[in-house]
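# Breakdown of the fold
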Amino acid sequence: MAHYSLEFEGVEDVELINRITTALMMLEGVESAEVGRHGAEVEGRVNRQSLIQAVKQLGVRVK
């Protein structure tokens, strides 16, 4: 199982954190996602680009 760290900015409220968490957990292969204001720690069998795309679709800039 792979572990990914994502850094992002522009996340200021709990609602957006919850939306990011939901978007990541809905991806096939994601086992867990811990999301905060500045980034996420994700584990599972998924490629990094899929994680980044899911976050970007919510209007969040990934570093």
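I will try to describe carefully the structure that is included in this document. (Residues numbered from 1 in each chain as written. Predicted model: local features only at pLDDT ≥ 70, side-chain atom pairs only at ≥ 80, totals over all residues. Heavy atoms only, no water.)

### Considerations on the packing of helix α1 (residues 14-25) against helix α2 (residues 48-56)
Our working rule: Fitted lines through C-alpha atoms serve as axes, helices being fitted only where they are in contact, and the angles separating the N-to-C directions of these axes extend from 0 to 180 degrees. Helix and strand assignments follow DSSP, with helices taken as H or I runs no shorter than four residues and strands as E runs no shorter than two, numbered in order from the N terminus. In this scheme the handedness of a crossing depends on how the near helix is turned from the far one: anticlockwise by less than a right angle means left-handed, clockwise means right-handed. The contact definition used throughout considers only heavy atoms, calling two residues in contact when any of these lie within 4.5 Å. Three categories are distinguished: nonpolar for Ala, Val, Leu, Ile, Met, Phe, Trp, Tyr, Cys and Pro, charged for Asp, Glu, Lys and Arg, and polar for the others, with Gly belonging to the last.
Two numbers describe how α1 lies on α2: the axes approach to 9 Å, and their chain directions differ by 145°. Note on packing geometry: the crossing formed by α1 with α2 is right-handed. Seen from α1, the contacting residues are I20, A23 and L24; seen from α2, they are L51, A54 and V55. Split by residue class, the contact of α1 with α2 holds six nonpolar, no polar and no charged.

### Regarding the pairing of strand β3 (residues 39-44)
Short version of the rule: A pair of strands counts as paired when DSSP detects no fewer than two bridges linking them.
Where strand β1 (residues 2-9) and β3 come together, six bridges link them in antiparallel fashion. Looking across to β3, one finds that A2 is bridged to G44. Two strands pair when backbone bridges link them, and strand β2 (residues 30-35) and β3 are joined in this way by five bridges, in the antiparallel orientation. If you follow V35 over to β3, its bridge partner there is A40.

From the geometry alone we can't say anything about function, so treat these as descriptive.
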